[in-house]
Amino acid sequence: MAATFFGEVVKAPCRAGAEDDEEEEEERRRETPEDRELRRQLARKREVRLLRRQTETSLEVSLLEKYPCSQFIIGIGNNAVAFLSSFVMNSGIWEEVGCAKLWNEWCRTTDALHISPTEAYCVFYHLKSNPSVFLCQCSCYVAEDQQYQWLEKVFGTCPKKNMQVTVLTCRHVTDYKTSESTGSLPSPFLKALKTQNFKDPACCSLLEQPNIVHDLPAAVLSYCQVWQLPAVLYLCYTDVMKLDLLTVEAFKPVLASRSLKGLAKNIPQSTEILKKLMTANEIQSNIYT
Amino acid sequence: MASRYDRAITVFSPDGHLFQVEYAQEAVKKGSTAVGIRGTNIVVLGVEKKSVAKLQDERTVRKICALDDHVCMAFAGLTADARVVINRARVECQSHKLTVEDSVTVEYITRFIATLKQKYTQSNGRRPFGISALIVGFDDGGIPRLYQTDPSGTYHAWKANAIGRSAKTVREFLEKNYTEDAISNDDDTIKLAIRALLEVVQSGGKNIELAIIRRNQPLKMFSAKEIELQVSEIEKEKEEAEKKKSKKTG
């Protein structure tokens, strides 16, 4: 360790690296049974469980094996979820088929085993009039170690090739790498990223390099690319990460895409529902005025 | 990369950024929108009212504050930082009056606020103020002024500007609609400010607060009724304009 002029403590690279590494590795190998038990408990706590909502029993097979679909729409993050709730889910009857329960350090609830039904943040629906249309509302953060489990339990190990996946999510505009200054960007704005097998035109411009996608949306897209599924991600860069009307409305161009066309019927009513959602969710923070 | 250069405010990054100042500008975007317009005989400040909790007294949540009889300001960003800056500015206004027996000019008090903000970008251990301010008023000669300051301590004079969340949308609206015609009289200037805010305010007139200063008159805060009146007039004008358009095309 070394201290800089400004008092920062930084890890200095050690030139006598080889010897130290060996000692550290030996310590790691000396794992006690308590350590192993702790690791097992932690793994159990972080397990992703897929449950049938009404009965709360676990699904034996993956969700899409039980409910095969041709269109799978996933909303990740509160703005994407609000968009799907207001514009897609109010135009038709959607039946809840299951939910994913998981716990990680980001979850607000401390009790991993007894997350109440109102807190099951990852819910799956299918359209009653056309059960091959599937929708997922995911408001929780799925950690890196849980993303593979989530994919396995939802998509399964051998997904059907005739399914098209659409993912909607948000990211803060300061993560958008561009030569312009973030102050001059027209946020919120939409960018798309698609897999090789997705042949339809995207509803907005594609995400330029060197920008990358993170977290669950990236995991889903990678999975679809590997399994040669047509999938597209619509990423909204916004400067307001909490639930915000302008950010949600920025997803509107997606309603013209093949997967969502025909699903959103009553736009004026949707806007009203969205406004109600906003007022219900306004956080009374006094820090900013 | 940024994390090595944003700990202490006095550190420049290798490419010349002061990250704390830029982060402070992000804090400004978290505040609700404020718009300022300089008319011919009037200056207008409009703000999006922050939604108040049920048990909270509305009077304590104010975005528009008078600095002196002839100068007022609206801010966006950290509430507590704004309170500190406003208090210092108010004291300076009175101190100036007592010392030189003249009221401050709008430019003077803006420069004072901007200098104060800049000091905090160059001090060890202190963070910048997380607010941008729109300062309006009339100078002695009866000239209307509008200035904007930001966390870096820069200030500029503007004909019309917006700060806070969705400021870009409002600014684009103003760039399209701020014409000599639009500010030819007081009423139209007020309507322009309200129209600019209605572009981004979520629930219409009841979430707007407006203040005006006319030449040689003190600050006037509009009541909710007066704002509703203006909003309904704007809506009527919009309807009439749309009817005319459809008649032309139809």
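Position labels on residues start from 1 in each chain and follow its written sequence. Following the order in which they are written, the chains are lettered starting with A and the ligands numbered starting with 1. Totals for whole chains, interfaces and linings use every residue, but because this is a predicted model, local features are given only for residues with pLDDT of at least 70 and side-chain atom pairs only at 80 or more, for both listing and counting. Computation of side-chain values covers all heavy atoms of the structure but excludes hydrogens and water.

**Some thoughts on the overall build of chain B**
Line of reasoning, step 1. Looking only at helices and strands, chain B features 6 helices and 10 strands.
Line of reasoning, step 2. Three exposure classes are used, based on accessible area relative to the maximum for each residue type with a 1.4 Å probe and protein chains only: buried under 20%, partly exposed in between, and exposed over 50%. Out of the 250 residues in chain B, the part that is buried amounts to 48%.
Line of reasoning, step 3. Only heavy atoms enter the contact rule, under which two residues are in contact if any of them lie within 4.5 Å. Counted over contacts in chain B with a minimum sequence separation of 6, partners at least 24 positions apart contribute 61%. Labels follow the DSSP assignment, with helices taken as runs of H or I lasting at least four residues and strands as runs of E lasting at least two, numbered in each case from the N terminus.

**So, the nonpolar core**
Residues and elements named next belong to chain A.
Line of reasoning, step 1. Here, nonpolar core refers to any group of buried Ala, Val, Leu, Ile, Met, Phe, Trp, Tyr and Cys residues whose side-chain atoms link them within 4.5 Å. Core analysis: the biggest nonpolar cluster contains 44 residues, and F72, I74, F124, W150, F155, V165 and V220 have the highest contact counts within it.
Line of reasoning, step 2. It is helix 6 (residues 215-226) that provides the largest number of residues to this core, a total of 7 residues.
Line of reasoning, step 3. Residues within four places of F155 in sequence aside, it is in contact with S62, L64, F72, I74, W150, M163, V165, V220 and Y223.
Line of reasoning, step 4. Within the second largest apolar cluster, 35 residues are counted, among which are I73, L84, L190 and M278.

**Comments concerning helix 2 (residues 79-100) of chain B**
Line of reasoning, step 1. If you check helix 2 of chain B, its first and last C-alpha atoms are 32 Å apart, about what 22 residues at 1.5 Å a residue would give, namely 32 Å.
Line of reasoning, step 2. Once helix 2 of chain B finishes, E101(B) follows within two positions and takes phi at roughly 60°, a positive value. Given the number of residues in a helix, its expected span is that number minus one, multiplied by 1.5 Å.

**Brief notes about the packing of aromatic side chains**
Line of reasoning, step 1. To pair, rings of Phe, Tyr and Trp, with the six-membered ring standing in for Trp, must have centres within 6.5 Å; the planes then decide the type, stacked if under 30 degrees apart, edge-to-face if over 60, and tilted in the middle. For the structure on display, the rule yields 14 aromatic pairs over all chains.
Line of reasoning, step 2. Between F72(A) and F155(A), the ring centres sit 5.6 Å apart and the planes meet at 55°, which makes this aromatic pair tilted. Linking F72(A) in strand 4 (residues 71-76) with F155(A) in helix 5 (residues 144-155), this pair joins segments that are 83 residues apart in sequence. The burial state of F72(A) is the same as that of F155(A); both residues are buried.
Line of reasoning, step 3. In textbook terms, an aromatic cluster arises when at least three aromatic residues are bridged by ring pairs, as seen for Y67(A), F72(A), F134(A), F155(A), Y223(A) and W227(A).
Line of reasoning, step 4. For K66(A), the ring lying beneath its charged end belongs to Y67(A), and the centroid distance is 5.9 Å.
Line of reasoning, step 5. We count a charge as sitting over a ring when the NZ of a lysine or the CZ of an arginine lies within 6 Å of the ring centre and within 35 degrees of the ring normal. The ring of Y120(B) carries the charged tip of R126(B) above its face, separated from the ring centre by 4.1 Å.

**Description of the confidence of the model for chain B**
If pLDDT is low for a region, its predicted coordinates should not be looked at in detail.
Line of reasoning, step 1. Each residue carries a pLDDT score, the predictor's own confidence in it, on a scale running from 0 to 100. The predicted model of chain B averages 90 in pLDDT, with 96% of residues at 70 or higher.
Line of reasoning, step 2. Across the interfaces of the predicted complex, the ipTM metric reaches 0.83, alongside a pTM of 0.67.

**Notes on unusual backbone geometry**
Line of reasoning, step 1. The omega angle of the peptide bond from S187(A) to P188(A) is 0°, so this bond is cis rather than trans.
Line of reasoning, step 2. Relative to the helices and strands, P188(A) is located in the loop between strand 8 (164-172) and strand 9 (189-194).
Line of reasoning, step 3. Of note, the amide linkage connecting Q209(A) to P210(A) takes the cis form, showing an omega dihedral of 0°.
Line of reasoning, step 4. Counting through the fold element by element, P210(A) comes out in the loop between strand 9 and helix 6.
Line of reasoning, step 5. Backbone geometry at S166(B) places phi at a positive 60°, although glycine is not the residue there.
Line of reasoning, step 6. Looking at S166(B), the relative accessible area reads 16%, which means it is buried.

**Concerning the interface of chain B and chain A**
Line of reasoning, step 1. Listed as interface residues are 24 residues of chain B and, on the opposing side, 25 residues of chain A.
Line of reasoning, step 2. Throughout, the accessible surface (probe 1.4 Å) given up by two parts as they are put together, summed over both, is called the buried area. Overall, the association of chain B and chain A removes approximately 2,100 Å² of surface from exposure, summing both partners, and the carbon and sulfur fraction of that is 51%.
Line of reasoning, step 3. Taken as a group, K50(B), K168(B) and Q202(B) account for 26% of the area that chain B buries against chain A, more than any other trio of residues on that side.
Line of reasoning, step 4. We define a salt bridge as a contact between a side-chain nitrogen of Lys or Arg and a carboxyl oxygen of Asp or Glu at a distance within 4 Å. For the pair chain B and chain A, the number of links is 0 salt bridges.
Line of reasoning, step 5. Among the secondary structure elements, those contributing two or more residues to the side of chain B that touches chain A are helix 1 (19-29) and strand 4 (71-77) of chain B.
Line of reasoning, step 6. Put simply, Ala, Val, Leu, Ile, Met, Phe, Trp, Tyr, Cys and Pro go in the nonpolar bin, Asp, Glu, Lys and Arg in the charged bin, and everything else, Gly too, in the polar bin. Partitioned by chemical class, the residues of the side of chain B that touches chain A number 7 nonpolar, 8 polar and 9 charged.

**Re the packing of helix 5 of chain A against helix 6 of chain A**
Residue and element names in this part refer to chain A.
Line of reasoning, step 1. Angles run from 0 to 180 degrees between N-to-C directions of axes, and those axes are lines fitted to C-alpha atoms, restricted for helices to the stretch in contact. In contact at an axis separation of 10 Å, helix 5 and helix 6 are set at 50° when each is read in the N-to-C sense. Between helix 5 and helix 6, the crossing angle belongs to the class labelled oblique. In this structure, the crossing between helix 5 and helix 6 has a hand that is right-handed. Between helix 5 and helix 6, the residues in contact are Q147, W150, L151 and F155 and D215, L216, A219, V220 and Y223, respectively.
Line of reasoning, step 2. Across the contact of helix 5 with helix 6, the residue classes tally to 7 nonpolar, 1 polar and 1 charged. Convention used here: angles under 35 degrees read as roughly parallel, angles over 145 as roughly antiparallel, angles from 65 to 115 as roughly perpendicular, and any remaining angle as oblique. With the far helix as reference, a near helix turned anticlockwise by less than a right angle produces a left-handed crossing, and one turned clockwise produces a right-handed crossing.

**Focus on the sheet that holds strand 7 (residues 155-157) of chain B**
Residues and elements named next belong to chain B.
Line of reasoning, step 1. By this definition, two strands are paired if DSSP reports at least two bridges between them. Reading across from one edge, 3-4-5-6-7 is the order of the 5 strands in this open sheet, with antiparallel pairing throughout. Single-partner strands in this sheet number two, and they are strand 3 (64-68) and strand 7. If you compare each strand with its neighbour and ignore which way they point, the axes differ by 25° on average.
Line of reasoning, step 2. Packing against the sheet, helix 2 makes contact with strand 3, strand 4 and strand 5 (131-138), and its axis sits at approximately 20° to strand 3.

**Quick word on the environment of Y67(A)**
Line of reasoning, step 1. Within the fold, Y67(A) resides in the loop between helix 3 (63-66) and strand 4.
Line of reasoning, step 2. For the pair Y67(A) and P131(A), spaced 64 residues apart in the sequence, the C-alpha separation amounts to 8.1 Å.

**Let's talk about the sheet that holds strand 9 of chain A**
All names here are of chain A.
Line of reasoning, step 1. The sheet built from 8 strands is open, its strands ordered 3-5-6-7-4-8-10-9 with mixed pairing. The strands lining the two open edges of the sheet, one partner per strand, are strand 3 (49-51) and strand 9. Within the sheet, the average angular offset between the axes of one strand and its neighbour, ignoring direction, is 20°.
Line of reasoning, step 2. Bridge analysis of strand 8 against strand 10 (residues 231-238) gives 8 bridges, and the strand direction is parallel. Paired with V165 across the strands is A231, a residue of strand 10.
Line of reasoning, step 3. Contacting strand 4, strand 5 (94-101), strand 7 (130-138) and strand 8, helix 4 (residues 78-88) crosses the sheet at an angle of about 145° to strand 7.
Line of reasoning, step 4. Sheet contacts for helix 5: strand 3, strand 4, strand 5, strand 6 (122-127), strand 7 and strand 8; angle to strand 4, the most-contacted strand, approximately 150°.

**Some words on the side chain of Q147(A)**
Line of reasoning, step 1. Here Q147(A) is to be found in helix 5.
Line of reasoning, step 2. Residues within four places of Q147(A) in sequence aside, it is in contact with V142(A), D215(A), L216(A) and A219(A).

**Some thoughts on helix 4 (residues 167-177) of chain B**
All names here are of chain B.
Line of reasoning, step 1. Every buried residue of helix 4 is listed here: A167, V170, F173 and L174. With its buried residues spanning 125° around the axis, helix 4 presents them on a single face. Exposed residues lying more than 90 degrees from the buried face of helix 4 are E175 and K176.
Line of reasoning, step 2. Turning to helix 4, the residues buried within the fold contact strand 1 (34-38), strand 8 (160-163) and helix 5 (186-198). Taken from the helix axis, the directions to the C-beta atoms give the arc we talk about.

**Observations concerning the pattern of salt bridges**
Residues and elements named next belong to chain B.
Line of reasoning, step 1. Scanning the entire structure with this criterion turns up 20 salt bridges over all chains.
Line of reasoning, step 2. Taking the shortest distance from any N to any O, the salt bridge between D186 and R214 comes out at 3.0 Å. Here the residue D186 occupies a position in helix 5, and R214 occupies one in strand 9 (residues 208-214), the gap between them amounting to 28 residues.
Line of reasoning, step 3. Assessed through its relative accessible area of 27%, R214 is described here as partly exposed.
Line of reasoning, step 4. Note that E237 and K191 form a salt bridge whose closest N and O atoms lie 4.0 Å from each other.

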